[in-house]
Amino acid sequence: MALAGLARGVTAPRLALWSRALSSTTPTLQGMSNFPGANSRFVHELNLKRSIDNEPEPCYQIMNKEGVIVTPDEFPSEISQQNILDWYKLMNTTNQMDQLLYNAQRQGRISFYMTAYGEEGTHLGSAAALDPEDVVYAQYREVGVLMYRGFSLKNVMDQCYSNSGDLGRGRQMPVHYGSAEHNFHTISSPLATQLPQAAGAAYALKTRGKRNCVICYFGDGSASEGDSSVALNFSATLDCPVIYFCRNNGYAISTPTKDQYRGDGIVSRAAGFGLDYIRVDGNDVFAVYNAVKIARERTIAEQRPVLIEAMTYRIGHHSTSDDSSAYRGMDEVDTFSQDTPISRLERYMTNQGFWDEEKEAELQKTIRKEVRKEFADAEARLKPSMRHMFEDVYADKPARLQRQEAEMHEHLAKYPDDYPTNLHEA
Ligand SMILES: Cc1ncc(C[n+]2csc(CCOP(=O)(O)OP(=O)(O)O)c2C)c(N)n1
């Protein structure tokens, strides 16, 4: 009867159903509170807990800095030597591509760029554990995930050059990749927008009965956006098959993590929202692989979201618009540069006897040739036709867009010397 007074507007039969549902799911145990909001033990000592007394979440690792497998039983036996060589090549390819495109921006040849130095282990380890039909929502520093799925060097270069080969027809800033063919949603600059979208996409997979999941990458800085909490809560309450993959690289541009949060990183938030979780060494590609593999199995089988926090370090500047020497010392960068996902994997391969200096030199030479060729081709390609500016938003172009397009053409015809229209496709 006490309930009746609270549930205004609810008819008696429905109320009876509610109370039956409540009593069947919430056993009234001796000494347990039985509130609808939480079922927990009663205690009789006053104890205002200090969150800093909690032990920090451990960090899962299989391979140490020296490239030694510290827990052989944990090594993913399905990963072949060829897989490892392919991962290593792709990590180095993104590295060389980063160098070239970063410098190209400094020379004014492209407008913007972001490197992923030091975070290659989070890309390859996670991408390899997914199914190609799993849906990716990325932040912007995860190009290796997309390339693992088959997005080519040409695709990358064309996008960064905004040329006629760009799948987005030059309408996005460089590094804002997207590819329907690779189940990779187009990057958007406003931080954390991808997190609630990922929960929604995962809910859609679930309602369609697909045995796939969504993976959503984000940085420690994005985790401070309100959208991040919204997304974690929606994904948990709607039982969504989604993996939230945080790359905790120590910085959000110039804001170090010590100014970003007071809790135990990002992983500690998972339990609060009811997600399963693991913290992993992001520089250990095998540990990342195992973490994503188990997360994927769990989230699909049990329709429970998972949060993975991969600990790593952003070795490069935030982007071409940043000079990180203004807010961090070179000694810190030097220290972290001694132990990267690439150097660790190289040590592993050398320890295992299938890599040496000669092979390394040969690989770097091959990659340099491939990267330079695609770079030169992309630079030589024409820009997209200007008509694309007015396409692809509406199935039928509205009258006002048709008017604007006609105005643009009139304007270009009036001032032909002021616009490099000859660099664009017709
Ligand atoms: C809503 C919003 N606020 C601010 C920015 C500017 N901004 C771009 S990247 C960035 C830092 C993000 O850091 P983090 O999520 O840790 O990713 P990281 O760059 O370290 O990979 C900021 C503040 C933005 N793009 N969107």
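Residues numbered from 1 in each chain as written. Predicted model: local features only at pLDDT ≥ 70, side-chain atom pairs only at ≥ 80, totals over all residues. Heavy atoms only, no water.

1. Here we look at the sheet that holds strand β7 (residues 306-311)
- Spatially, the five strands line up as an open sheet ordered β1-β2-β3-β7-β6, and their pairing is parallel. This sheet does not close on itself; its edge strands, each paired only once, are β1 (135-137) and β6 (276-281). Across this sheet, the average inter-strand angle for adjacent strands is 20°, counted without regard to direction. (Pairing = 2+ DSSP bridges. Helix = DSSP H or I, 4+ residues; strand = E, 2+ residues; numbered from the N terminus. Axes fitted to C-alpha atoms, helices over the stretch in contact; angles between N-to-C directions.)

2. Comments concerning the domain arrangement of the protein
- Each domain of the protein was delimited in the assignment, giving domain 1 (72-380) and domain 2 (386-423).
- Taken over C-alpha atoms, the centre of domain 1 sits 36 Å from the centre of domain 2. (Domains from an automatic or database assignment.)

3. Observations regarding the nonpolar core
- Core analysis: the largest hydrophobic core is formed by 70 residues, its most contacted members being Phe-286 and Tyr-348.
- The residues contacting Tyr-348, other than those within four sequence positions of it, are Met-63, Gly-67, Ile-69, Phe-75, Ile-84, Phe-286 and Phe-354.
- Judged by nonpolar contacts, the second largest core, of 25 residues, contains Tyr-137, Cys-246, Ala-270 and Leu-307. (Core = buried A, V, L, I, M, F, W, Y, C linked by side-chain atoms within 4.5 Å. Buried < 20%, exposed > 50% of the residue type's maximum accessible area, 1.4 Å probe, protein only. Contact = heavy atoms within 4.5 Å.)

4. Examining unusual backbone geometry
- In the Ramachandran plot, Ser-162 falls in the positive-phi region, its phi being about 45° despite a non-glycine side chain.
- Positionally, Ser-162 belongs in the loop between α6 (153-160) and α7 (194-207).
- Relative accessible area serves as the criterion here: at 18%, Ser-162 is assigned to the buried category.
- Although it is not a glycine, Ile-253 adopts a positive phi angle of roughly 50°.
- Examined against the element boundaries, Ile-253 turns out to sit in the loop between β4 (251-252) and β5 (255-256).

5. Details of the packing of helix α3 (residues 81-106) against helix α10 (residues 285-302)
- Where α3 meets α10, the axes come as close as 12 Å, and the angle between the chain directions of the two elements is 110°. As judged from the angle between their axes, α3 and α10 are roughly perpendicular. On α10, the residues that touch Ile-84, Trp-87 and Met-91 of α3 are Val-285, Phe-286 and Tyr-289.
- For the contact of α3 with α10, a count of residues per class yields six nonpolar, no polar and no charged. (Parallel < 35°, antiparallel > 145°, perpendicular 65-115°, else oblique. Nonpolar A, V, L, I, M, F, W, Y, C, P; charged D, E, K, R; others polar.)

6. What about the environment of Leu-232?
- Its location among the elements puts Leu-232 in helix α8 (residues 226-237).
- Through-space distance from the C-alpha of Leu-232 to that of Phe-273 is 6.3 Å; in sequence the pair is 41 residues apart.

7. Remarks on the site of the ligand
- Taken together, the neighbourhood of the ligand is formed by 17 residues, with Tyr-140, Arg-141, Gly-221, Ser-222 and Tyr-251 sitting nearest.
- In this structure, an oxygen atom belonging to the ligand sits 3.0 Å away from a side-chain N or O atom of Gln-139.
- For the ligand, an oxygen atom lies 3.3 Å from a polar atom in the backbone of Asp-220.
- When isolated, the ligand has an accessible area of 590 Å², and the protein chains bury 73% of it.
- For the shell around the ligand, a count of residues per class yields six nonpolar, seven polar and four charged. (Near = heavy atom within 4 Å. Polar contact = N/O pair within 3.5 Å; in protein donor to acceptor, adjacent residues only side chain to side chain. Areas by Shrake-Rupley, 256 points an atom, 1.4 Å probe, with all protein chains shown as cover.)

8. A closer look at the packing of aromatic side chains
- Under the definition given, this model contains 14 aromatic pairs.
- Ring centres of Phe-218 and Tyr-244 lie 6.4 Å apart, and the angle between their planes is 80°; on these two criteria the pair is classed as edge-to-face. Of the two residues, Phe-218 sits in strand β2 (residues 214-219) while Tyr-244 sits in strand β3 (residues 242-248), which places them 26 residues apart along the sequence.
- Look at Phe-218 and you get buried, because its relative accessible area is 1%.
- For Tyr-244, a relative accessible area of 0% corresponds to the buried category. (Phe/Tyr/Trp six-rings, centres within 6.5 Å; stacked < 30°, edge-to-face > 60°.)

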